[in-house]
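Tertiary structure, described
The lines below spell out each chain.
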Amino acid sequence: MSLNSGVSINDECVTSYKEFSLSRGKTKYMIFKLSDDKSEIVIDESGGEKDYEVFRNKLCDAKDSKGRPAPRYAVYDVEYELGGGEGKRNKIIFISWVPEESDRMLRMIYASTREGLKTALGPAASIHADEKGDIEWNTVLYEASGGKAGK
């Protein structure tokens, strides 16, 4: 799938996302990145670690080839409980991580491909972050739950 920016989405991203969305929490997250040749979005890693902070640190610690903070996209399976006996819920949230310290060209490419990837995957909610505080657990929980939990 090719986007307006000329960057394509590797088919494995969409196929693996579909498996992820059906995994019922076995896989908690997937992280996507721009390929080294900047021609396509590819899977960087995925995992089943249930500790959100471990995932958040992996996302925020991503570096480019020059050791600078690097943008990434991610999806995370947010599990939360609603009050009043409504029970547990799971929602997948799309996170666009584009730190201010990133290379300007990379920030522009990630900005121009964000919506295309989000549309191809179809998550329930999304959040854009350019600093670590933007993706604190309570903020992610609030966005994923449509304001019914968190914050």
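Residues numbered from 1 in each chain as written. Predicted model: local features only at pLDDT ≥ 70, side-chain atom pairs only at ≥ 80, totals over all residues. Heavy atoms only, no water.

In the nomenclature of an unreviewed UniProt entry, the chain corresponds to Cofilin from the organism Penicilliopsis zonata CBS 506.65. In its Sequence similarities (unreviewed entry) section, UniProt records this for the chain: "Belongs to the actin-binding proteins ADF family." Under Subcellular location (unreviewed entry), UniProt gives the following word-for-word description of the chain: "Nucleus matrix". (UniProt positions renumbered as here; feature names shortened; annotations may be inferred.)

With that settled, the discussion passes to the environment of Pro71. You can see Pro71 is positioned in the loop between α2 (52-60) and β4 (72-82). For the pair formed by Pro71 and Asp103, sequence separation is 32 residues and the distance between their alpha carbons is 8.8 Å. What Pro71 contacts, discounting residues up to four positions off in sequence, is Trp97, Val98, Pro99, Ser102, Leu106 and Tyr110. (Helix = DSSP H or I, 4+ residues; strand = E, 2+ residues; numbered from the N terminus. Contact = heavy atoms within 4.5 Å.)

Before going further, it helps to examine the nonpolar core. Phe55, Leu59, Val78, Ile93, Ile95 and Ile135 are the most contacted members of the largest nonpolar core, which has 22 residues in total. With five residues, the single largest contributor to this core is β4. Discounting chain neighbours no more than four positions away, the residues touching Ile93 are Ala74, Val75, Tyr76, Val78, Ala125, Ser126, Ile127, Val140, Glu143 and Ala144. Grouped together as the second largest cluster of nonpolar side chains are 20 residues, Val7, Tyr17, Ile41 and Tyr110 included. (Core = buried A, V, L, I, M, F, W, Y, C linked by side-chain atoms within 4.5 Å. Buried < 20%, exposed > 50% of the residue type's maximum accessible area, 1.4 Å probe, protein only.)

Before going further, it helps to examine unusual backbone geometry. You will see that Lys38, though not glycine, has its phi angle at about 60°, which is positive. Tracing the sequence through the fold places Lys38 in the loop between β2 (29-34) and β3 (40-47). Judged by relative accessible area, Lys38 falls into the partly exposed class, the value being 41%.

This part covers the sheet that holds β2. A sheet is described by the order of its strands in space; here six strands give the open sequence β1-β3-β2-β4-β5-β6, paired in mixed fashion. Each edge of the sheet is formed by a strand with only one pairing partner; in this case those strands are β1 (8-9) and β6 (125-129). Pairing geometry for β2 and β4, over four bridges, is antiparallel. Opposite Tyr29, over in β4, you have Tyr76 as the bridge partner. Strands in contact with helix α3 (residues 104-121) are β1, β2, β3, β4, β5 (87-97) and β6; relative to β4, the strand with the most contacts, it is inclined by about 50°. Sitting on the sheet, helix α4 (residues 137-144) touches β4, β5 and β6, and the angle it makes with β4 is about 75°. (Pairing = 2+ DSSP bridges. Axes fitted to C-alpha atoms, helices over the stretch in contact; angles between N-to-C directions.)

A few words on the environment of Pro69. Its place among the elements puts Pro69 in the loop between α2 and β4. Remark: the alpha-carbon pair of Pro69 and Ser102, spanning 33 residues in sequence, is separated by 5.2 Å. The contact partners of Pro69, leaving out residues within four places of it in the chain, are Ala62, Lys63, Pro99, Glu101 and Ser102.

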